[in-house]
Number of protein chains: 2
Amino acid sequence: MKLDILSIGDELLIGQTLNTNAHWLSKQLNLIGFQIRQHTTVSDEKTAIVTALNDALTNSNVVIITGGLGPTKDDLTLNILTEYFGGKLIINKDVYQDIEKMMTSRGYEMNELNKQQALVPDNAKVLRNKNGTAPGTWFEKDGKIIVSMPGVPYEMKAMTTNTVIPWLKEKFELPVIVHKMIYTQGIPESQLAEKLESWENNLPDTIKLAYLPSPGRVKLRLSSIGNNKDQLETVINLQIEKVKKIIGEHIFSLTEDELQVVIGELLHKKNATLSTAESCTGGYIAHLITQVSGASDYFKGAIVSYANETKIESLGVNANDIEQYGAVSKQVVEQMAIGVRTKLKTDYSIATSGIAGPLGGTEEKPVGTVWIAVASEDEVVSQMFQFGKDRTINIERTAIAALGILRNIIIQ
Amino acid sequence: MKLDILSIGDELLIGQTLNTNAHWLSKQLNLIGFQIRQHTTVSDEKTAIVTALNDALTNSNVVIITGGLGPTKDDLTLNILTEYFGGKLIINKDVYQDIEKMMTSRGYEMNELNKQQALVPDNAKVLRNKNGTAPGTWFEKDGKIIVSMPGVPYEMKAMTTNTVIPWLKEKFELPVIVHKMIYTQGIPESQLAEKLESWENNLPDTIKLAYLPSPGRVKLRLSSIGNNKDQLETVINLQIEKVKKIIGEHIFSLTEDELQVVIGELLHKKNATLSTAESCTGGYIAHLITQVSGASDYFKGAIVSYANETKIESLGVNANDIEQYGAVSKQVVEQMAIGVRTKLKTDYSIATSGIAGPLGGTEEKPVGTVWIAVASEDEVVSQMFQFGKDRTINIERTAIAALGILRNIIIQ
């Protein structure tokens, strides 16, 4: 069963509003077995809307439309759809009451614009809106379904979950789709692909593989479509076991895409604590860790030692070593890790020191040179990395690499 | 001049990856005078790509394509485009060297997949990629331009800014669009709109106004389109002067959208230094400050005191006060600010303590309660805020509010 998502609104095309609706709808509708054929975004203009609708109806069984249902003049969707399917607009009492109730609860009286929003096509089913004034509509034509919903995300989401998905499930016999993820870290996409080449070549045709890279990480997605969920899962799980044998040391999770969440769970389970001493990452690792609710259980704090004197005074780094080896060195980063671990009395600690750029590079230590150390009760592990020229990406990659090293040490 | 944006990738259609590329590209290309006709997202499939490309080329002067250029088998875009425009793939020496350099600098050897990425169409211009291995391509046909770029956002963004936009400007005579921004902080959108209502009603028809809110900030964008840049600027500048008279105290910049950059410039000019003591923001303020290259001139460091014992031992907060008033209190946050300022010997300091959520709220101090203090030689200023329920947004809003208070104190 194919499905098209059609987003309507000038604000999307001039880059003012990010189209999170198409993303959210895709996820929900793919999960229940639809194949999303295309996302299309067009302006609030009759020709553009009709052309896109024609195209979507030619190619898909279902078209989900969002946007263009507001009370103002620039919102044309409802009139266009009603005309397109040969109906006319009539007042719907239930919708009128919904709008009246909503406006009263907000302390406003119904105005002319609100009253007009109670007009619905006589050739469509109405989708009531619990969170706003514009109702949705559900057209059927030649066995195809066309749904129109408001563009306001929380109104659209409630309508989708409460009405559209149940109705679609009733209407169509949908296949089962199973997606499974493998989250890897510490190996670039091309190297990963090389290691997995012969496995990939022998993948059954029923399984689709995708590589999804982001700085410092690559996700592998295995997908399969069929009728029997258990059977599909068994086939995919078998392949995941094979992947684990080939690149197991790079996999940090099969269920969770954030290293800081995985680490949080490991520390929580071990009843262990963590601290960070950050120079080039400037607090970013602490920020990642504290993005996770409940981090206060295992994260005691960080010392962001951006200045050398902070490294010396707050972390106890030897001033002579900074002089002799430089702040970006094995010696200094290891002392930083030991220093913060001792100072904040934690089981584990992470330290970073590097040249994030774009300034500050030398011939010997160009921009992107980073030292990372992780300390535990038993050991201090340190490693040098050579990242790129982009400051933001270097900070991100340093953080991910550091969390990767920490994870390896925790699970030893 | 019309422009289509074509995004390629199954990960977008199954709702796994949010399409931020189309959004970012729209904003940039609209700014230089293109009318964005349509966004289309299709899967990594030949028919889908070719159909979408046909449609885009029929309707627009320029087609910008992202995605499907990775080194792996699921990436088909380059082959399809090369064939579509009747060319063939040949090894490009410059690109080969770019890739080799990139892989070597990261400590890897070139493998077969990397080598293949040096294949470019013989009927296109190459867009070098400074941040990754896949080059972009620039096709011209019947006066129309077709650009293909990698889907990885930071690679695509650098390529667009450094090459695609300058080349497009050379190729087309674009109308002059003048956008001017007014960056405000510390006042919600609805309040801002109310204060500006009568000014807005009297705006000349030639000027378009947009409110662009993000957590803790609202940008106002004034736009005008025409042929004479100086004339457009004069008209807009006159309006900006009027806005400054109405809401001047909330404007933090007319040129720079990041408070941390504005603060960096102020500190640099004053030859003054800064430190932070962060509880609920968990290092995020330090991260924002150190995103700015050259921050080491004025930022000495941070103490992220997530645990109470870190507040006591590393910042000298009185344990009894934590007991009596709670960690989220005026007393504690002021002692944190004084503590870090003294400890790291800086001119200014920021401290935060709050309940970011979703857990940890009480009736007296619900989720979203945040105390912020800023200390200087002369004073300690503290303020309580009541933000919302979302952890990430609360951290962001706390950071922005803290930087806003600091800025006001520095410019006193």
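For the structure, see preceding data.
Treat the numbers as computed from the prediction; the structure is a model and nothing was measured. (Residues numbered from 1 in each chain as written. Chains lettered and ligands numbered in written order. Predicted model: local features only at pLDDT ≥ 70, side-chain atom pairs only at ≥ 80, totals over all residues.)

> I would appreciate a short explanation of the pairing of strand S7 (residues 136-141) of chain B in the present structure.
The two faces of the sheet receive side chains in turn, since in a regular strand these alternate between them. All names here are of chain B. Where strand S6 (residues 125-127) and S7 come together, three bridges link them in antiparallel fashion. In the sheet register, Lys 125 faces S7, and the bridge partner there is Trp 138. Between S7 and strand S8 (residues 144-149), which pair antiparallel one after the other, the connecting turn spans two residues, and Asp 142 there sits at a positive phi close to 50°. (Pairing = 2+ DSSP bridges. Helix = DSSP H or I, 4+ residues; strand = E, 2+ residues; numbered from the N terminus.)

> Help me out: how do you make sense of the sheet that holds strand S12 (residues 251-253) of chain A in this one?
In a beta sheet, neighbouring strands pair by backbone hydrogen bonds and run either parallel or antiparallel. Residues and elements named next belong to chain A. The sheet built from four strands is open, its strands ordered S10-S11-S9-S12 with antiparallel pairing. Edge positions in the open sheet fall to strand S10 (207-214) and S12, since each of these has one partner strand only. When the angles between neighbouring strand axes are averaged without regard to direction, this sheet yields 30°. Pairing geometry for strand S9 (residues 176-185) and strand S11 (residues 217-226), over ten bridges, is antiparallel. Paired with Ile 182 across the strands is Leu 220, a residue of S11. (Axes fitted to C-alpha atoms, helices over the stretch in contact; angles between N-to-C directions.)

> What am I meant to see in the pairing of strand S17 (residues 380-386) of chain B here?
Residues and elements named next belong to chain B. The sheet contact formed by strand S16 (residues 369-375) and S17 spans seven bridges and is antiparallel. Within S17, the position partnered with Val 374 by the bridge is Val 381. The antiparallel hairpin formed by S16 and S17 contains four residues in its connecting segment.

> Quick question: what am I supposed to make of the environment of Ser224(A) here?
Residue and element names in this part refer to chain A. With respect to the helices and strands, the residue Ser 224 is situated in strand S11. As for Ser 224 and His 268, which are separated by 44 residues in sequence, their C-alpha atoms are 34 Å apart. When residues no more than four places from it in sequence are discounted, the contact partners of Ser 224 are Val 178, Thr 206, Ile 207, Leu 232, Val 235 and Ile 236. (Contact = placed C-beta atoms within 7 Å.)

> Please explain the sheet that holds strand S15 (residues 348-354) of chain A as it appears in this structure.
The sheet built from ten strands is open, its strands ordered S17(A)-S16(A)-S15(A)-S13(A)-S14(A)-S14(B)-S13(B)-S15(B)-S16(B)-S17(B) with mixed pairing. One side of each edge strand has no neighbouring strand; the edge strands of this open sheet are strand S17 (380-386) of chain A together with S17 of chain B. The mean inter-strand angle of the sheet, taken between neighbouring strand axes irrespective of direction, is 10°. Pairing analysis gives five bridges linking strand S13 (residues 274-278) of chain B to strand S14 (residues 299-305) of chain B, with the strands arranged parallel. Counterpart to Glu278(B) in the pairing with S14(B) is Val304(B).

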